[in-house]
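What follows is each chain in one-letter form.
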Amino acid sequence: MRDDAPPLSVVMPARNVLPYLDASIESILGQSFGDFEFVIRDDGSTDGTTEALRAWAKRDSRIRLSEGRQLGLAGSSNWIVRQARAPLIARMDADDLARPDRLERQVALMREAPDVALTGSLWDTIDSAGRQVRGIDFWRIVRHSCFVPFPHTSVMFRRAVFDAVGGYRPQCDFWEDLDFFLRMAGRGRVMVIADNLVSHRESASSSRLAPADEERIEAAVDRMYACLSVYADGAGYEPIVAGATQGQAARRLRPMSFVSINSNRLWAGERPRIAGKLLSRGRLGFDLQTVQALAWSALAYLSPAALRALLKGLMHFRNLSVKGRVERGSAYEWQPQRRFRAREGEDRAALPDRAAMEGTASL
């Protein structure tokens, strides 16, 4: 790193986020920890985002603005991190909001624990108007899963570890963040602050809801579930990722792939479009996932509001179940759940052994 580098770089890729951009930038510039550079890349916007970013860059000297053609999700994320000068990198998405003490609390955690490669936080969910539509799910802290209990927009990580794992992989677009987190977990500890340091916005501008990329998104999410199944069994999923660049013939997809994508629509206040896709392209069978997907689809068709209420009620009961086990504001270690040890000969740096994955430790 350069001698004049700040202790922290906040990185924000932006593409066509004009309705939400000002509030997002303000939430970073108003942080209680202010010693950072703010690296923003305009990824080929066409809605006026470019002009708004130029105006912001003139107002605050911490902003370093770059403009370029659209690079895609992983491509823009890699590019912007590689422009950052600091040893610590904080991610921020251009339609989300950060609490004023977010950076201060995460920097303190990273400084106190040099073996932590990455930290994130819990979150609440807001809609396009900024109204909270879903609260904090504390249960995620103790859930045994390969899915992370924090959103991409909440993470802070060490640049050296980012370089060591090779950053984000374009072959994993639309789940490039989860793939990145799994590989980071193989290089160091991953901590989660049990507080909503960010508000994640669900809106029609979500990259997962782009109509032009609908079939590509569905295939990518289905591939994510395939990779996680292999990973949970203790093996590496590199062959699946490598095959992603070769394309694939039309085939039936896992039912939960459609549920995952339409969850974004549900919390954005839209009516999920799942029933037809599930019946025509879903790999349906006599199993629990099929039953869950069909029930979710039916309720989403009958009443999205009722489905949202049901899911919020479920979250409430889950939070009650961990009361006394999760203390708001404390930090807990996240370790991806795996059923078996990694097989002989696999990359131990990428596949941490099971003994290091047991329990949830508080910092």
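Structure: above.
A quick note: this is a predicted structure, and the numbers were derived from the prediction, not measured.

J.: Explain the overall build of the chain to me, please; I cannot follow it from the model alone.
T.: Each helix and strand counted, the chain has twelve helices and ten strands in total. Per-residue burial for the chain yields a buried fraction of 53% across its 363 residues. When contacts within the chain are restricted to residue pairs at least 6 apart in sequence, long-range pairs at least 24 apart make up 79% of them.

J.: Please clarify how the nonpolar core should be interpreted in this entry.
T.: Proteins that are soluble and globular tend to have nonpolar side chains buried together. Core analysis: the biggest nonpolar cluster contains 65 residues, and Leu118, Ile141, Phe150, Phe157, Phe180, Met184 and Val326 have the highest contact counts within it. Top element by residues in this core is helix α7 (residues 214–232). It accounts for nine residues. Excluding its chain neighbours within four sequence positions, the residues that come into contact with Val326 are Phe138, Ile141, Val142, Ala194 and Tyr332. In this structure, Leu88, Met110, Val116 and Leu197 belong to the second largest nonpolar core, which totals 33 residues.

J.: Which parts of the structure should I look at to understand the packing of helix α1 (residues 18–29) against helix α2 (residues 49–59)?
T.: Running from N to C, α1 and α2 point in directions that differ by 25 degrees, and their axes come no closer than 10 Å. Between α1 and α2, the angle is such that the two are roughly parallel. Of the two elements, α1 crosses α2, and the hand of that crossing is right-handed. Counted together, Leu18, Leu21, Asp22, Ile25, Glu26 and Leu29 of α1 and Thr49, Ala52, Leu53 and Trp56 of α2 form the full contact between these two elements. Of the residues in the contact of α1 with α2, the class split is seven nonpolar, one polar and two charged.

J.: Can you help me understand the environment of His152 in this one?
T.: One can find His152 in the loop between β7 (132–134) and β8 (156–158). Accessibility expressed as a relative area gives 7% for His152, which makes it buried. In this structure, the C-alpha to C-alpha distance between His152 and Gly120, residues 32 residues apart in sequence, is 7.9 Å. Setting aside residues no more than four positions away along its own chain, His152 makes contact with Ser77, Arg91, Tyr168, Asp177 and Phe181. For His152, the side chain forms a polar contact with the side chain of Tyr168, separated by 2.8 Å.

J.: I would appreciate a short explanation of the environment of Gly329 in the present structure.
T.: Residue position: Gly329 is located in the loop between α12 (304–321) and β10 (331–334). With a relative accessible area of 32%, Gly329 lands in the partly exposed category. Setting aside chain neighbours within four positions, we find Gly329 in contact with Arg105, Ile193, Ala194 and Asp195.

J.: Help me understand unusual backbone geometry in this model?
T.: In most cases, non-glycine residues show a negative phi, while peptide bonds are predominantly trans. For Asn16, which is not glycine, the phi torsion reads 50 degrees and is therefore positive. Along the chain, the position of Asn16 falls in the loop between β1 (8–14) and α1. Of note in this structure, Phe174 is not a glycine but carries a positive phi near 80 degrees. Positionally, Phe174 belongs in the loop between α5 (159–165) and α6 (176–185). A relative accessible area of 9% places Phe174 in the buried class.

J.: Would you take a moment to explain the environment of Val81 for this structure?
T.: Summarising the element assignment, Val81 is placed in helix α3 (residues 73–83). Each C-alpha atom of the pair Val81 and Ser9 lies 8.5 Å from the other, and the pair is 72 residues apart in sequence. When neighbours within four sequence positions are excluded, Val81 is seen to be in contact with Val11, Ile89, Phe157, Arg159 and Phe162.

J.: Whenever I open this one, the pairing of strand β9 (residues 189–201) confuses me. Can you help?
T.: Successive side chains on a regular strand alternate, one facing one side of the sheet and the next facing the other. Counting buried residues along β9, eleven of its 13 residues qualify, which places the element largely inside the surrounding structure. Looking at chain direction, strand β5 (residues 97–98) and β9 are connected through two bridges and run antiparallel. Looking at β9, one finds that Ala98 is bridged to Val198. Pairing of strand β6 (residues 116–126) with β9 involves ten bridges; the strand directions are parallel. Looking across to β9, one finds that Asp124 is bridged to Ser199. As judged from the four bridges shared by β9 and β10, these two strands associate in the antiparallel manner. Pairing of Val190 across the sheet is with Trp334, part of β10.

J.: Help me understand the packing of aromatic side chains, please; the structure alone is not making it clear to me.
T.: The way to describe two aromatic rings as a pair is by their centre distance and the angle between their planes. For the structure on display, the rule yields twelve aromatic pairs. In this structure an aromatic cluster arises from ring pairing among Phe150, Phe157, Phe162, Tyr168, Phe180, Phe181 and Trp334. Over the face of the ring belonging to Trp56 we find Arg59, whose NZ or CZ atom lies 3.9 Å from the ring centre.

Rules and cut-offs
- One numbering rule holds for all chains: residues counted from 1, following each sequence as written.
- At least 70 in pLDDT is required for a residue's local features to be given in this predicted model, at least 80 for side-chain atom pairs to be given and counted, and no such filter applies to totals for whole chains, interfaces and linings, which use all residues.
- To get the side-chain values, take all heavy atoms of the structure and skip hydrogens and water.
- Only DSSP runs of H or I covering at least 4 residues are called helices, and only runs of E covering at least 2 are called strands; the numbering of each starts at the N terminus.
- Burial here depends on accessible area, computed with a 1.4 Å probe over protein chains only, as a share of the maximum for the residue type. Under 20% is buried, over 50% is exposed, and the range in between is partly exposed.
- Any pair of residues with heavy atoms lying within 4.5 Å of one another is described as a contacting pair.
- In plain words, nonpolar cores are sets of buried Ala, Val, Leu, Ile, Met, Phe, Trp, Tyr and Cys residues tied together by side-chain atoms within 4.5 Å.
- Here the axes come from fitting lines to C-alpha atoms, over the contacting stretch only for helices, and the angles between their N-to-C directions go from 0 to 180 degrees.
- For classification purposes, angles smaller than 35 degrees are called roughly parallel, those larger than 145 roughly antiparallel, those between 65 and 115 roughly perpendicular, and all remaining angles oblique.
- By definition, any crossing whose near helix is turned counterclockwise from its far helix by less than a right angle is left-handed, and any crossing with a clockwise turn is right-handed.
- Each residue gets one of three labels, nonpolar for Ala, Val, Leu, Ile, Met, Phe, Trp, Tyr, Cys and Pro, charged for Asp, Glu, Lys and Arg, and polar for the others, Gly among them.
- Polar contacts here mean pairs of N or O atoms no more than 3.5 Å apart (in protein, one a potential hydrogen donor and the other a potential acceptor; neighbouring residues in sequence count only if both atoms are side-chain atoms).
- Only when DSSP finds a minimum of two bridges between them are two strands counted as paired.
- Pairing of aromatic rings covers Phe, Tyr and the six-membered ring of Trp, with a centre-to-centre limit of 6.5 Å; geometry is then stacked below 30 degrees between planes, edge-to-face above 60, and tilted otherwise.
- For a Lys NZ or an Arg CZ to count as sitting over a ring, it must be within 6 Å of the ring centre and within 35 degrees of the ring normal.

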